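Summary of the model geometry
Read off the chains here:
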Amino acid sequence: MQNIDGARPVLSDNFSTYIAVVLIVSLFFLWGVANNLNDILIKQFKKAFELSDFKAGLVQSAFYVGYFLFAIPASICMRRFGYKAALVSGLSLYAGGAFLFYPAAASHTYGLFLLALFVIASGLAFLETSANPLVTVLGPAHRATLRLNLAQSFNPVGSICAVLIGQHFILSGVEHTQAELEAMPAAMSHAYYLSESAAVQMPYLVIGTVVAFWAVLIAFARFPTVVHDAPDERSLRAHAGSLMRNSHFAFAVVAQFFFVGAQIGIWSFLIRYAQGTLPGTPERDAANYLTASLVIFMLGRFIGTGMMRFTHPIKLLAIFAFINISLGAIAVACPGRIGIAALVATSFFMSIMFPTIFAVGLHGLDDDDRKLGSSFLVMAIVGGAVLTAAMGAVSDGLGIASAMAVPMVSFAVVLAFALHCGRPGESHG
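Residues numbered from 1 in each chain as written. Predicted model: local features only at pLDDT ≥ 70, side-chain atom pairs only at ≥ 80, totals over all residues. Heavy atoms only, no water.

1. Description of empty space enclosed by the protein
- Under the counting rule described, the total for this entry stands at one cavity of 30 Å³ or more.
- As a volume, the largest cavity reaches approximately 200 Å³.
- As for the largest cavity, its lining consists of 17 residues, and the residues nearest its centre are W31, N35, E128, N155 and Q263.
- Those elements that provide at least two residues to the lining of the largest cavity are α1 (14-48), α3 (58-81), α8 (155-170), α13 (247-277) and α14 (283-307).
- At four residues, α13 tops the list of elements feeding residues into the lining of the largest cavity. (1 Å grid on protein atoms, 1.4 Å probe; cavity = no way out; pocket = protein on both sides within 12 Å on 5 of 7 lines; lining within 4 Å. Points joined across faces, edges and corners; volume = space filled by probe spheres on them. Helix = DSSP H or I, 4+ residues; strand = E, 2+ residues; numbered from the N terminus.)

Here it is as C-alpha cells:
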C-alpha cells in the first residue's frame, strides 16, 4: 500500500496486516464507549450530586479539556517515538482514568470523577491523534476520506454499547422528586446519593481492565512501518504558525470545533430534552432515544461511506449540514415528540462529519504537517466542552428547547466550511 507522500508501509505478511488493522480499528470502538458513557454520566451525576444543567455539563467540559491539553503532547510523542508508542500511551491513560472511578465513587466526590474523566480524555487524545492520521496514510490518497469514514464506522458501535451499559448497569430507574428528597430522613437521602454514585464503579472497572489488556496486545503486535519524510527542523511555534496560515486547514479546525460541540451537546442533553419536553418520561425510556440516535448514527456512517463512492465527500458534507440546521430549528420550535424525532434524526446526518472534516483538513499536507495538523484537529474537540457548557447555561436560563439553538448554529459553520472547500479549483480527498 502506498501512503499519500509515496512512502511505503512495510508488513511482514498478510496475517500481520490483518492483526494490525483489527487492532487499530478496535480503537475507534473503544473511544466510542468512553465518549458516550458521558451522556449517561451527565444524567447520573445530576441525580447523585443534585446538579444544575450547567454543573452537570462540566462532565463534558472536564473530558474535552483533556483532549485539548494533551493533543500537542500526543503529537510530539507520535513524531518522536512513532504511532505505536502513542497508542500504548493513550490506552494506558484511558485505563488509569477508568480505574479512578472506583475511589471517586467510594468517596462520593464529584471533583474526583471529573479528574478521572480528564485522565481518560487525555488518553483518548493520544489515540485519536495517532489512529486517525494512521488510517489516512494506509492506502491511496484519493480514498483517504472514504477510508477514515469506514474506520470511524466502528465508533458508533462502541457508542451504542456504552448507552446499553449505562442504561442497564448505571441508571437505576429510581427517581425522586425534590419534594420527596426533602421529606426523606437525612440518612436515607444520603444513602440514596451514595448508591447512585457507586453504580459507576463496576462498569468502569471492567472497562479499565479491557483497555489495559488491549494496551498489552498493541505493545506486542507487529505494526506497519511507515517511511517518514525528513524531520521538520522548525520550532513547534514556527511550524504551528505556518500550518495555521493555511486557510483551508485553519477553517477545518474551526469547523471541527463547532461540529464536535454540536454532536456532544445534542447527545449529552437528549435525555434531559426528552424528560423536559415530555414530563413524566422515565430516565430509562428517555435513554432509548439516545440508543436510537446512536444506531441511526452507525447506519449513517456505513451508508454515508457508501454514498461517497458516487458523491463527492464535500458535497455530501454540505447537504448533511444543511439538513441538520433545519432539524435543529425544528427541535427549538417544536419541543416534545416532534423535537425529539428531529434531534434523533440529526445523528444520521452527523455521521460523516467528523471523519470528513478531519481527512479533508489533512489533505495535501506532508508527513510532518499531517502529524501536527492531526493534533490541532483533535484539540478542536474542546468544542464539546465549551458548547456543552454553553447549552447548559442556555437551558438553565431559557429552557432545554432553546439550548438546541447552539448546535443549530454550529451546523451552519460546518456548512460554511463545506461551501468553502467546494469552491471551483479546490480539490480534496
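2. Here we look at the packing of α13 against helix α17 (residues 353-362)
- One can describe the packing of α13 onto α17 by two numbers: an axis separation of 9 Å at closest approach and a directional angle of 165°. By the angle class used here, α13 and α17 are roughly antiparallel. The element α13 and its partner α17 pack so that their crossing is left-handed. Where α13 abuts α17, its residues H248, F249, A252, A255, Q256, F259 and V260 lie against M353, F354, I357, F358, V360, G361 and L362.
- Tallied by class, the residues present in the contact of α13 with α17 amount to eleven nonpolar, three polar and no charged. (Axes fitted to C-alpha atoms, helices over the stretch in contact; angles between N-to-C directions. Parallel < 35°, antiparallel > 145°, perpendicular 65-115°, else oblique. Left-handed = near helix turned anticlockwise from the far one by under 90°. Contact = heavy atoms within 4.5 Å. Nonpolar A, V, L, I, M, F, W, Y, C, P; charged D, E, K, R; others polar.)

3. Notes on a nonpolar patch on the surface
- On the surface, V295, L299, I303 and M307 cluster together into a nonpolar patch covering about 290 Å² of accessible area.
- Looking at the secondary structure, you find I303 in helix α14.
- Using a relative accessible area of 42% as the deciding quantity, one classes I303 as partly exposed. (Patch = residues over 30% accessible without salt bridge, like charges linked within 9 Å, V, L, I, M, F, W, Y side chains within 5 Å. Areas by Shrake-Rupley, 256 points an atom, 1.4 Å probe, with all protein chains shown as cover. Salt bridge = Lys/Arg side-chain N within 4 Å of Asp/Glu carboxyl O. Buried < 20%, exposed > 50% of the residue type's maximum accessible area, 1.4 Å probe, protein only.)

4. So, the packing of aromatic side chains
- As enumerated under the stated definition, the model contains 23 aromatic pairs in all.
- Taking the centre distance of 6.1 Å and the plane angle of 75° together, the rings of F49 and F113 count as edge-to-face. Pair noted here: F49 is in the loop between α1 and α2 (53-56) and F113 is in helix α6 (residues 110-137), with a separation of 64 residues, a long-range link. Accessibility assignment for this pair places F49 and F113 in one class, buried.
- Between F320 and F348 the ring centres are 6.1 Å apart and the planes differ by 50°, which places this aromatic pair in the tilted class. Taken together, the positions of F320 in helix α15 (residues 313-333) and F348 in helix α16 (residues 337-350) put the pair 28 residues apart, joining distant regions of the chain.
- Look at F320 and you get buried, because its relative accessible area is 4%.
- Put simply, the rings of F45, F49, F101, Y110, F113 and Y204 touch in pairs and so form one group of aromatic residues. (Phe/Tyr/Trp six-rings, centres within 6.5 Å; stacked < 30°, edge-to-face > 60°.)

5. Looking at the packing of α13 against α16
- Orientation of α13 relative to α16, taken along the N-to-C sense of each, is 155°, at an axis distance of 10 Å. Looking at the two axes, α13 sits roughly antiparallel to α16. The crossing of α13 and α16 is left-handed. Each of F259, Q263, I266, W267, L270, Y273, A274 and T277 in α13 lies in contact with α16, whose residues at this interface are G339, I340, L343, V344, T346, S347 and M350.
- Among the residues making up the contact of α13 with α16, the classes are represented as ten nonpolar, five polar and no charged.

6. Considering the side chain of S410
- By the element assignment, S410 lies in helix α21 (residues 405-421).
- Each residue touching S410, except ones within four places of it in the same chain, is listed here: F258, A262 and L387.

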